[in-house]
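Chain by chain, the residues run as shown.
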Amino acid sequence: MAVKAVNLGFQFPSSSPSSFGSSSPKLRKDRLVFRSSTVEQVSFTESENSLIEALLGIQGRGRSSSPNQLNAVERAVQVLERLGGVPDPRTFVGVDFFSVFQEVYLQTNDPRVCNIVSFSDAIGELKVEAAASIQDGKRILFRFDRAAFSFRFLPFKVPYPVPFRLLGDEAKGWLDTTYLSHSGNLRISRGNKGTTFVLQKQTEPRQRLLTAVSSGRNVKEAIEELVSLTRNNGEKEPELEEGEWQMVWNSQTVTDSWIENAANGLMGKQIIGKNGRIKFVVDILLGLKFSMTGNFVKTGTKMYDVTMDDAAIIGGPFGYPMQMENKFTLELLYSDEKIRITRGYNEILFVHTRTDASRMN
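If you're wondering where the values come from, they're calculated on a predicted model, not measured in any experiment.

As for the layout of surface pockets
Considered as a void within the structure, the second largest pocket measures approximately 470 Å³ in volume. Taken together, 20 residues make up the lining of the second largest pocket; nearest its centre are Thr230, Glu235, Tyr334, Ser335 and Asp336. Of all the secondary-structure elements, those providing two or more residues to the lining of the second largest pocket are helix H4 (205-215), helix H5 (219-232) and strand E17 (326-335). The leading source of residues in the lining of the second largest pocket is H5, at five residues. Tallied by class, residues from the lining of the second largest pocket come to seven nonpolar, three polar and 10 charged.

Some details on the pattern of salt bridges
In this structure the tally under the stated criterion is 21 salt bridges. With its nearest N and O atoms 2.3 Å apart, the salt bridge here joins Arg206 to Glu53. Placement of the pair is Arg206 in helix H4 and Glu53 in helix H1 (residues 46-55), with a sequence separation of 153 residues. On the basis of relative accessible area, Glu53 is assigned to the partly exposed category, the value being 23%. The shortest N-O distance in the salt bridge between Arg112 and Asp145 comes to 2.6 Å. Taken together, the residues Arg112 in strand E4 (residues 112-120) and Asp145 in strand E6 (residues 139-151) connect sequence positions 33 residues apart. Here Arg112 falls in the buried class, since its relative accessible area comes to 7%. Each member of the salt-bridge network shares a partner with another, and the members are Asp110, Arg112, Glu129, Asp145 and Arg146.

Looking at empty space enclosed by the protein
For the structure on display, the rule yields four cavities of 30 Å³ or more. Each pocket or cavity is described by its volume, and for the largest cavity that value is around 70 Å³. Counting residues per element, the ones that place at least two in the lining of the largest cavity are strand E13 (277-283), E17 and strand E19 (349-354).

Reading guide: rules and limits
Residues numbered from 1 in each chain as written. Predicted model: local features only at pLDDT ≥ 70, side-chain atom pairs only at ≥ 80, totals over all residues. Heavy atoms only, no water. 1 Å grid on protein atoms, 1.4 Å probe; cavity = no way out; pocket = protein on both sides within 12 Å on 5 of 7 lines; lining within 4 Å. Points joined across faces, edges and corners; volume = space filled by probe spheres on them. Helix = DSSP H or I, 4+ residues; strand = E, 2+ residues; numbered from the N terminus. Nonpolar A, V, L, I, M, F, W, Y, C, P; charged D, E, K, R; others polar. Salt bridge = Lys/Arg side-chain N within 4 Å of Asp/Glu carboxyl O. Buried < 20%, exposed > 50% of the residue type's maximum accessible area, 1.4 Å probe, protein only.

Right, dumping it as structure tokens:
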């Protein structure tokens, strides 16, 4: 029986090219991967939900994630591991509704673990396979032995140029399942090189939105699902939450100049402060930043008038003022402590995720 999972969240970059999907033990860094798929209803315990909440807003490989965010994930993982979940976690092989990223075949004549990297629907995928076995009813032992690219535009597979037979122990590994929820919705596994996997069977609309953002596909549809669900549930009117927010997606189709994009909030971070203060911050290079400060005033249900009029290029303690002004209406479509969806400048849709809470100077 196959277990399939899709890479949806974040991971620390690996420094060991010969150990597919692992981070170097010498660096003593964990690599965390959030995996998920789409089903209709989601049910988690309070502790499981704490892990899901900690993972929200962490995208890609986690390079832009703060230490506080990563520590929150690790703390939530450790809580669940202490709780224990299902006593015999190898029973996870019965969970076969994950989307494709990792496949585990155990109940066959040729047990295998397959890691799949899907580039895009147009390009194809890389599949790295390993022979597998079970130790002590819990640990999966594996040894990578073959890999190939499957390109959509070629009628044959292209071998992956790694001589697995010559790698010796570097091609070997193991995987322990340290937590499996009683509902079967959540699984935590740890690998032999410091890898931590969080696999989720069921998702909710916020996660589906971040999946769409990560893949670059069907983002508007995911936004509509989340906004409609909130509207239909009659939830209270959202407010602009104070703190630091990273823009992860916008619907801009016509590209302006770099400075215009920065001034319109189409890149970088947005900081919401007290007393109607707002700031755009964009990292340029070599420690230089673009900063633009202004004010917002609530004018109606979910509606704000924004005026940005104090711009500068900042380098350390010095700043070079710029004569710029920008006014636009901001519509707050959805907001919670992790994710915010707005319609702003030129009717462009924005998706922001919250980083560390921050106060404006």
